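Structural description and commentary
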Amino acid sequence: MKLNFIEKRLFRTRIKNEQVEGKEKWLGYLVGPAGALLLNAVLASYLNVYYTDVLKLTTVWGGMFLMIFPIVSKVIDAITNIIMGQIIDRTRTSQGKARPYLLISAPLLAITGILLFTVPKASTNVQVIWIMLSYNLFYSFAYTMYYMSHSLMVPLSTRNTIQRGSLSVFSNVSGVMITGIIVALIFPMVILPIIGANQSAWIGLMCIISILALPLTLIEYYFTRERITEERANEEIEVIPLSKQLKAVFCDREWIIFMSFFLIYTVGSLLKNVALVYYCNYVLGTYNDGITQTLVSAIGGIPMGIGIFAVWPLAKKFGKRNTTIAGFVFYAIGGALCVLFPRNMIMVLIGQFIKNIGGLPVAYVMLALFADVLDHIEWKYDFRCDGISTSIQTIIVTCSTGVVSGVFNFLLAKTGYVAPVFDEITKVTTGFAQPLACQNAITFSFVGFEVITAIASIILLCMFKAEKNVEKEQAEIKLRRQGE
């Protein structure tokens, strides 16, 4: 009995207020997620660089390994996402259905993050096996568990659309601002010129970042709360079959439009992110010059700071959807400017600034739009599809990551990419000029493709109507609950 009391006290949320309060925003949605999101952001930007430049795997299997391996791994990841979604939907605890997996994922993120970089200096076959195992342990297991739980925190936090929008902003500030400052500014300006292609330095650095994710993820667990899950905590809830959930979401117009938009936006963003380092090193600037990538990221990232104060007031006045559409118009204009002058530093910086002004709304209100869709599904079918929806959303991210990385690496291999060389004696890394075909492929990946995705996003969002009726649908859901 005493043990049970201690367990309940030890693992219960520290958020007691029925309304969203300051410490929930600052600790649960800003500080807490920063560890895991920072780790993932570093991996998204530099893990491929580690494989191509440090481990020099570009030519393995005739250039096919770094194309096939990410795609196959993401298929596995997609399967685990479906499984994890079903596990979340079937979980019933006093602390919610998603939050417990934040707690479990905290140590797993740290351990698997370290394994990604501690690749032994052995034969190519041994390295390939280690990479495949460590990659899937992190992405298909640890990060899947974390990200799916994290993604549901805003939708499950409250039905109050104003408070939910505020939490969405705080959550995205953590992902965009905190990780962006380190990954986009400090890394290229300070860290990359020092570590170059030195594997030992990479391992030491990534051990620190991986370990940091552990305590911060625990903070996210303790300072969040699933108020929507608690509404039916004492009810016998029917377990909805997967087939019924899939039919519900894939027959709903708003859900399909949102997920299509999310897919297009995700693919464009991922391709840009994976190409960023290569674009700054070989097209716009020189290898690890310490300034080109910093300038591109800083000028492009300044608007994200403005967005903390500007986006939500605009979204409340004009609507989340309308504000996001207007943003994508700027997004396309800024991207087009970069396409026209890809080697002109001034024009690229201006284009990046305009593009990222346009990217503010989607960066800060995406989770709030997603929450509106989930409430709409509950209103329409009288059951929630949080787990399967988050599974599919995460599958989109994971599969897109694999496909984008694979295609980009294939382009590098086929256009003659030349990896830099690290001298063990002088501890100096030397980069080389890339063939014109390789430079063009990198340029399209970084600045060209997103113009196309911005236009497609505008078209899809013009058809999106879920936000318009969300308050009315929430009121009807509440009446149903009161009548049960």
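Below is a summary of the structure that appears in this document. Not measured: the values here are computed from a predicted model.

Attention now goes to the packing of helix α5 (residues 99-117) against helix α6 (residues 124-157). At a minimum axis distance of 8 Å, the contact between α5 and α6 shows a crossing angle of 150°. With respect to α6, the element α5 is oriented roughly antiparallel. Crossing hand, α5 versus α6: left-handed. By residue class, the composition of the contact of α5 with α6 is 17 nonpolar, 6 polar and 1 charged.

Glancing now at the pattern of salt bridges. Per the counting criterion, the structure on display carries 19 salt bridges. Between R159 and E231 there is a salt bridge, with the nearest N and O atoms lying 3.1 Å from each other. Taken as a pair, R159 in the loop between α6 and α7 (161-195) and E231 in the loop between α9 (227-230) and α10 (242-250) lie far apart in primary sequence, 72 residues in all. For E231, a relative accessible area of 37% translates into the label partly exposed. The salt bridge involving K320 is made with D372; its shortest N-O contact spans 2.9 Å. Here the residue K320 occupies a position in helix α13 (residues 320-340), and D372 occupies one in helix α15 (residues 360-381), the gap between them amounting to 52 residues. The residues K320 and D372 share a single accessibility class, namely buried. Linked by salt bridges that have partners in common, D89, K97, R159, R164, E231, K320, D372, D375, E378, R384, D386 and E467 make up one network.

As a further point, take a positive patch on the surface. On the surface, R9, R12, R14, K16 and K23 cluster together into a positively charged patch. Note on placement: R14 falls in the loop between α1 (2-11) and α2 (22-31).

Think of an α-helix as 3.6 residues a turn; residues three or four steps apart then line up on the same face. Its 22 residues give α15 an end-to-end C-alpha distance of 33 Å, which sits within 8% of 32 Å, the value for a rise of 1.5 Å per residue. Of all the bends in α15, the greatest, near 50°, is centred on M366. A positive phi of about 65° marks D382, the residue just after α15.

The next subject is the packing of α10 against helix α16 (residues 386-414). Between α10 and α16, the shortest axis-to-axis distance is 10 Å and the interhelical angle comes to 65°. In this view, α10 runs roughly perpendicular relative to α16, as classed from their interaxial angle. As for how α10 packs across α16, the hand of that crossing is right-handed. Here L242, Q245, L246, V249 and F250 of α10 lie close against α16, whose contacting residues are I388, S389 and I392. Class assignment for the residues of the contact of α10 with α16 results in 6 nonpolar, 2 polar and no charged.

Let us look at the environment of L276. Mapping L276 onto the fold places it in helix α11 (residues 253-284). Residue classification places L276 among the buried residues on the basis of a relative accessible area of 14%. Distance from L276 to S445, taken between C-alpha atoms, is 8.6 Å for residues 169 residues apart in sequence. With sequence-adjacent residues up to four places away left out, L276 is seen in contact with Q293, V296, S297 and F446.

Under the criterion given, the structure shown has 33 aromatic pairs. Between the aromatic rings of Y51 and F69, the centroid separation amounts to 6.1 Å while the plane-to-plane angle is 70°, which identifies the pairing as edge-to-face. Of this pair, Y51 sits in helix α3 (residues 34-54) while F69 sits in helix α4 (residues 65-89), and the two are 18 residues apart along the sequence. Taken as a pair, Y51 and F69 share a single burial class, namely buried. Between F444 and F449, the aromatic rings sit 6.1 Å apart at their centres with planes inclined by 65°, giving edge-to-face as the arrangement. For F444, a relative accessible area of 42% gives the class partly exposed.

This part takes up unusual backbone geometry. Across residues other than glycine, the phi torsion is negative in most instances, and most of the peptide bonds are trans. The backbone of K56 sits at a positive phi, close to 55°, despite the residue not being glycine. Turning to its location among the elements, K56 is positioned in the loop between α3 and α4. Here K56 falls in the partly exposed class, since its relative accessible area comes to 37%. Of note, W61 is a non-glycine position whose phi angle comes to about 60°, a positive value. Within the secondary structure, W61 is located in the loop between α3 and α4. Classification of W61 as partly exposed rests on a relative accessible area of 49%.

On the surface, a cluster of nonpolar side chains totalling about 440 Å² of accessible area is made up of I181, I186, M189, V190 and I194. Position of I181 relative to the elements: it lies in helix α7.

What counts as what
- Residues numbered from 1 in each chain as written.
- Predicted model: local features only at pLDDT ≥ 70, side-chain atom pairs only at ≥ 80, totals over all residues.
- Heavy atoms only, no water.
- Axes fitted to C-alpha atoms, helices over the stretch in contact; angles between N-to-C directions.
- Helix = DSSP H or I, 4+ residues; strand = E, 2+ residues; numbered from the N terminus.
- Parallel < 35°, antiparallel > 145°, perpendicular 65-115°, else oblique.
- Left-handed = near helix turned anticlockwise from the far one by under 90°.
- Nonpolar A, V, L, I, M, F, W, Y, C, P; charged D, E, K, R; others polar.
- Salt bridge = Lys/Arg side-chain N within 4 Å of Asp/Glu carboxyl O.
- Buried < 20%, exposed > 50% of the residue type's maximum accessible area, 1.4 Å probe, protein only.
- Patch = residues over 30% accessible without salt bridge, like charges linked within 9 Å, V, L, I, M, F, W, Y side chains within 5 Å.
- Areas by Shrake-Rupley, 256 points an atom, 1.4 Å probe, with all protein chains shown as cover.
- Lys, Arg positive; Asp, Glu negative; His and termini not counted.
- Charge placed at Lys NZ, Arg CZ, Asp CG, Glu CD.
- Expected span 1.5 Å × (residues − 1).
- Bend = angle between axes of the 7 residues up to and from the residue.
- Contact = heavy atoms within 4.5 Å.
- Phe/Tyr/Trp six-rings, centres within 6.5 Å; stacked < 30°, edge-to-face > 60°.

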